[in-house]
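What the coordinates show
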Amino acid sequence: MRMRSWAAAAGLALISGTLAPAYYHWIRFQSGGAPYAPVYAHYDLNALQNKTVPFFISDNGPTQMASGDSFAAVISQIRSAAAVWNGVGTSDIRLAFGGLFTAGTQMNAPGIQVQFSDEIPPGMIAYGVPTIANDAVQGASGPFYPITGAVLMLRKSMAADRPSWAESFFLPVVHEFGHTLGLQHTWTSSVMSTEVTRTTTKSKPLGLDDIAGISVLYPNDKFKATTGVITGRVTMGGAGMNLASVVALAPNRQAISALTYPDGTYRIEGVPAGTYYVYAHSLPPAVQGEIQPVNVILPTDPSGSLMPGGAFDLAFAPGTSTPQQPYQVAAGQSTDGVNVSVNARASVSLFGVQTYSYFYYGDNNSKYTAVKPATLLLGNTIGRTVLTGNGLPANGAGLTITALSAPETVSTQPYSNPFLIADLRLSPASGEGPRHLLFNFNNENYILPSGVQFMQKLPPAIQSVTQNADRTLTLVGNNLGASTAVWVDGVSSKIVSAQDGKLVITPPPAPSGYRGVLGAFNPDGQSSLFIYGVDSPAYVYDTPALAQINVAPTAVPAGTETIVEINGVNTGFDNWLPSLGIGSSDVTVRQVWAMNATKAVAAITISSQATAGPAALTVSSGLLLNNLTGGFQILPNSKPLYVAASTMPGGVIFPGGLAVLPMVNLSSTRPTNVTAVLTDRTGNDRIAQAYATANSTITVQIPDGFPLGPTIVKLIVDGVSALPTVIQVDPQPPTILGVQSMLGTMVAASSGAHPGDTLQLLVVNLGDGVSAIDPSRISVSSPGIVEHSVQSVSTNPAMLGSYLVQFSLATSTPAASSLPLVVSIDGRTSAAFYVTVSK
């Protein structure tokens, strides 16, 4: 398969300049005419362990950092920036830290390498570049071009005004990870916008456009079920316009957009249900530092690159200069025929506007932090913002600004070239949320989505930090509360107690003398960084006991699955789950379990294609990090006996039940002598009954009363020791014995029930059969079909140890001859019980 690296402007994060519009991907069209069907570039989820792309950070880190910064802090922020993409509930792809790596390490499986370089051009913060196969392959939903790896490059000399804890470092790293996953740029103010018009924050880094963009590439079932689609065509004089940006805009909600295909058709997916105005605008010209006409890698067809259509006036569907026609979007449905007719103009001059507000701090408010976009407080009569952008008049003369579909009015006045002041006059109807600003100058319109943000309260402020006797920290300030998250560098602390203006936190573990910067983040998107910026408060650890971490074994053959034990001294693994990274994409860490405060176990898979030799070994817990270059050895594939844990059959393993372990490299198809030793989380060993079963499996009987939790399994089969593995022993799942009406009559599969009926499940293994259970812990559903409403849970006096779960069959329940019902408590789910439902 031929490979190429699609670099150029789409992978660049610029300090200044414009940006490329709409959520967009690396796209090819396999035919040169309509109907156009885009073929995307993305990772093959089926080729990834747990649908997860590992990323690796070069052990050759920055050579210069801001005062008070450290490489460990940089690593923690990069890891948190990558984890942002794991929080998209409508996307299946995930990122996982694979540890530090040494340049030149051979990796055969897909992965992302984060490197530091002195060769990043001036004016550029970073860039992310995926490597994409030239040849399409067929996937379950159609052809695609596989991404086989990526590089994310950061400056080796980090600027003093961009320390690792700053928004100006964190958001560009989130942005570049987006590129490595298959996203290009957007012009709707989300994180995949360039820094110029980005309006997301470290507290709320992704916009609707980002969420839709990644979900289009890696959709799960929830994506299409919970969002809608808008389709249509952008035309000029009847001809379709290629690469026009089409934006769906709703008041007090982030915008979402897409680019048109060569015939002018477009498709905006991932649109939340609601009412929208739709407008189209042409792409702005390239500015200094941009090497493509629109700062994207252009789509191609068999004839070559497809250039964007000519400049045109911004227009709302169906073809007006201001919003006139609203369009309704429903979840799971497509709103079609939203066409936009546009008129040509000579060029685009007005674009790339940025807005700022200022927060003051320090003695006599002698210092300030500029926040972008402008964040304004409700309750004031006027909200003031400073703005600048391409094509704005120096003194504001002739410029009008309108807050679209909002109650505020806007007036401008000169400030200091190239800046203007814009005052938004509030009304009693003003509410929290973004405002989309429409600019008009010299008969040209431009819209800045989420140009300003209105908030109910000021950002959180940390005014004092006190260490307590138990080494928790007390933070006192403003707008701190139970919903506030507190980070130390890139790791979230644990909240011990919360009251208005005061938090007690347990900071993550770190070495003695470590300087960690504190940040408070509220759900509204604001953070203490808005106030203190690069001067954010810090905490210096004075931990008296030296924490140490080591692992065993440090050498494992290729082509196997096994476990690595992580052992600590003065660690708290039960509160701060450690991570293990072996600096190669050929080694996958599938899961890590904490056995206790000083011991954890990681399940790993080493590809049969892995190159034998040394690899970096990175173990971390909180802000503790132990890296050993060459500390792990990948041995040649000696074909040892091991458990293929990644292919174990599903189902709960519980005391008194069975664990079926698929074996690889058995010496005989039916071994006669099997010994199993189970080690529980306290370190106690117990011999368990084990025997060979069909299809090269070993079945282990979990003893009654065996402790719950992660359990190490060591097998000896016909005198040969298998590589150890780990299983999770959980409580026995609930079992539904029957369904009955409120009269006590059992509902047989043949007699049926009706939507809206109140029914009772007869359930065992829900609890101890004596204690009351809060109904909020219980759910009853027909998986993938409908959720039902639970009313009560009570012990069943007619059957010792059982419970009656009263629920209402949802009115939307479809008629079915075998409707599945399952009951869940705290993540434990029963097998399905089937009933007939008739209308």
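Residues numbered from 1 in each chain as written. Predicted model: local features only at pLDDT ≥ 70, side-chain atom pairs only at ≥ 80, totals over all residues. Heavy atoms only, no water.

Considerations on the overall build of the protein
Where we set the bar: In this description a helix means any DSSP run of H or I spanning at least four residues, a strand means any run of E spanning at least two, and both kinds are numbered starting from the N terminus. Two things to know: the radius of gyration comes from C-alpha atoms, and the globule rule equals 2.2 Å times the number of residues to the power 0.38. To sort residues, take the accessible area from a 1.4 Å probe on protein chains only and compare it with the maximum for the residue type: under 20% means buried, over 50% means exposed, and anything in between is partly exposed. In this analysis, two residues are considered to be in contact whenever any of their non-hydrogen atoms come within 4.5 Å of each other. A 1.4 Å probe and the Shrake-Rupley method give the accessible areas. Residues count as covered only by the protein chains that appear here.
Looking only at helices and strands, the protein features 5 helices and 64 strands. Scaling as 2.2 N^0.38, a compact globule of 839 residues should have a C-alpha radius of gyration of about 28 Å, and the protein matches this with 29 Å. Expressed as a percentage of its 839 residues, the buried residues of the protein come to 55%. Pairs at least 24 apart in sequence give 69% of the contacts found in the protein among residues at least 6 apart. Here the protein has roughly 32,800 Å² of accessible surface; of this, 51% comes from carbon and sulfur atoms.

Details of the sheet that holds strand β48 (residues 642–643)
In plain terms, the rule: When DSSP finds at least two bridges between two strands, those strands are taken to pair.
The strand order across the open sheet built from 4 strands is β48-β49-β53-β52, with neighbouring strands paired in antiparallel fashion. Both outer strands of the open sheet, β48 and β52 (690–693), are each paired with one neighbouring strand and no more. In this sheet, strand β49 (residues 658–664) lies alongside β48 in antiparallel orientation, the contact comprising 2 bridges. Residue pairing for β49: Val-643 is matched across the bridge by Met-663.

Topic: the nonpolar core
This is how the line gets drawn: To form a nonpolar core, buried Ala, Val, Leu, Ile, Met, Phe, Trp, Tyr and Cys residues must be joined to one another through side-chain atoms within 4.5 Å.
Tyr-43, Ile-78, Trp-85 and Phe-177 are the most contacted members of the largest nonpolar core, which totals 67 residues. Here the element with the most residues in this core is helix α2 (residues 167–181); it accounts for 7 residues. Ranked by size, the runner-up nonpolar core spans 26 residues in total, among them Val-348, Phe-351, Val-410 and Leu-424.

Brief notes about the sheet that holds strand β30 (residues 433–441)
Selection rule: Simply put, an axis is a line fit to the C-alpha atoms, just over the touching stretch for a helix, and the angle between two N-to-C directions goes from 0 to 180 degrees.
Pairing within the open sheet is mixed, and its 4 strands lie in the order β25-β31-β30-β27. The open sheet has two free edges, formed respectively by β25 (374–377) and β27 (400–403), since each of these has just one partner strand. The average undirected angle you get between the axes of adjacent strands in this sheet is 35 degrees. As paired strands, β30 and strand β31 (residues 444–455) are joined by 8 bridges and run antiparallel to one another. By the bridge assignment for β31, Phe-439 is matched with Tyr-446.

Concerning helix α3 (residues 208–217)
Side chains three or four residues apart in an α-helix point the same way, a direct result of the helix having 3.6 residues per turn. Burial of α3 is extensive: 9 of the 10 residues sit out of reach of the surface. Within α3, burial applies to Leu-208, Asp-209, Asp-210, Ala-212, Gly-213, Ile-214, Ser-215, Val-216 and Leu-217. If you follow the buried residues of α3, they end up packed against β4 (38–42), α2, α4 (221–226), β14 (256–259) and β15 (265–271).

Looking at the environment of Gln-113
By the element assignment, Gln-113 lies in strand β7 (residues 112–117). The spatial distance from the C-alpha of Gln-113 to the C-alpha of Arg-198 is 25 Å, given a sequence separation of 85 residues.

Quick notes on unusual backbone geometry
Omega for the bond connecting Ala-317 with Pro-318 falls within 30 degrees of zero, at 5 degrees, which places this linkage in the cis form. Across the junction of Asn-417 and Pro-418, the peptide omega takes the value 10 degrees, indicating a cis bond. Phi at Asn-365 takes a positive value of approximately 50 degrees, unusual for a residue other than glycine. Inspection of the secondary structure puts Asn-365 in the loop between β23 (351–361) and β24 (367–371).

Some thoughts on the pattern of salt bridges
What counts, and what does not: A carboxyl oxygen of Asp or Glu within 4 Å of a side-chain nitrogen of Lys or Arg is what we treat as a salt bridge.
This model, assessed by the stated rule, comprises 12 salt bridges. Across the pair Arg-777 and Asp-826 runs a salt bridge whose closest N-O atoms are separated by 2.4 Å. Note that Arg-777 is positioned in the loop between β58 (758–764) and β59 (778–782) and Asp-826 in the loop between β62 (816–825) and β63 (828–829), a separation of 49 residues in sequence. Accessibility expressed as a relative area gives 38% for Arg-777, which makes it partly exposed.

Focus on the packing of helix α1 (residues 71–83) against α2
The condition that has to hold: Working rule for angles: under 35 degrees goes down as roughly parallel, over 145 as roughly antiparallel, 65 to 115 as roughly perpendicular, anything else as oblique. Take the far helix as the reference: if the near one is turned anticlockwise from it by less than a right angle, the crossing is left-handed, and if turned clockwise, right-handed. For this classification, Asp, Glu, Lys and Arg are treated as charged, while Ala, Val, Leu, Ile, Met, Phe, Trp, Tyr, Cys and Pro are nonpolar and the rest, including Gly, are polar.
Relative to each other, α1 and α2 sit at 50 degrees, their axes nearing to 8 Å. Here α1 is positioned oblique relative to α2, judged by the angle of their axes. In this structure, α1 crosses over α2, and the sense of that crossing is right-handed. Packed against α1, whose contacting residues are Val-74, Gln-77, Ile-78, Ser-80, Ala-81 and Ala-82, the element α2 presents Phe-169, Phe-170, Val-173, Val-174 and Phe-177 at the interface. Of the residues belonging to the contact of α1 with α2, the class tally is 9 nonpolar, 2 polar and no charged.

Remarks on the pairing of β62
Burial analysis of β62 places 7 of its 10 residues in the buried class, which makes it a mostly covered element. Sheet analysis places β59 next to β62, joined by 4 bridges and oriented antiparallel. Across the sheet, the residue bridging to Ser-779 is Ser-824, located in β62. Two elements, β62 and strand β64 (residues 833–837), share 4 bridges in a ladder whose sense is antiparallel.

Quick notes on the side chain of Asn-220
For clarity, the threshold we go by: In protein, a polar contact means a hydrogen-donor-capable atom and an acceptor-capable atom, both N or O and within 3.5 Å, with residues adjacent in sequence counting only if both atoms are side-chain atoms; elsewhere, any N or O pair within 3.5 Å suffices.
When you line up the elements, Asn-220 lands in the loop between α3 and α4. From its side chain, Asn-220 meets the backbone nitrogen of Lys-222 in a polar contact 3.1 Å long. If near-sequence neighbours (up to four positions away) are discounted, Asn-220 is found in contact with Gly-89, Thr-90, Ser-91 and Asp-92.

Points about the side chain of Thr-618
Relative to the helices and strands, Thr-618 resides in strand β46 (residues 613–621). Thr-618 gets classed as buried once you look at its relative accessible area, which sits at 1%. Only 3.0 Å separates the side chain of Thr-618 from the backbone nitrogen of Leu-100, close enough to count as a polar contact. Beyond its immediate stretch of four places on either side in the chain, Thr-618 contacts Phe-97, Gly-99, Leu-100, Ser-579, Leu-580, Gly-581, Leu-625, Asn-626 and Asn-627.

Quick notes on α2
Operational definition: One fewer than the residue count of a helix, multiplied by 1.5 Å, yields its expected span.
With 15 residues, α2 ought to run about 21 Å at 1.5 Å a step, and its terminal C-alpha atoms sit 21 Å apart, in line with that. For α2, a buried count of 15 out of 15 residues is recorded, marking the element as mostly surrounded by other parts of the structure. Just downstream of α2 lies Gly-182, where phi reads positive at about 120 degrees.

Some thoughts on the confidence of the model for the protein
Our working rule: Scored between 0 and 100, pLDDT is the confidence that the predictor attaches to each residue.
Across the protein, the average pLDDT comes to 91, with 96% of residues at 70 or higher. Low pLDDT, under 50, characterises residues 1–22; the predicted model gives this stretch 120 contacts beyond four residues in sequence or across chains.

Description of the packing of aromatic side chains
In plain terms, the rule: For Phe, Tyr and Trp, rings pair up if their centres lie within 6.5 Å, where Trp contributes its six-membered ring, and each pair is then called stacked (planes under 30 degrees apart), edge-to-face (over 60) or tilted (otherwise).
One pass over the full model with this rule turns up 16 aromatic pairs. When the ring of Phe-55 is compared with that of Phe-97, the centres are 5.6 Å apart and the planes differ by 40 degrees; the resulting orientation is tilted. Of this pair, Phe-55 sits in strand β5 (residues 52–58) while Phe-97 sits in strand β6 (residues 94–101), and the two are 42 residues apart along the sequence. Note on Phe-55: relative accessible area 2%, which makes it buried. Its relative accessible area of 12% is what places Phe-97 among the buried residues. Between Tyr-361 and Tyr-532, the aromatic rings sit 5.7 Å apart at their centres with planes inclined by 75 degrees, giving edge-to-face as the arrangement. Highlighted residues: Tyr-361 in strand β23 and Tyr-532 in helix α5 (residues 529–532), separated in sequence by 171 residues. Here the two residues Tyr-361 and Tyr-532 agree in accessibility, since each one is buried.

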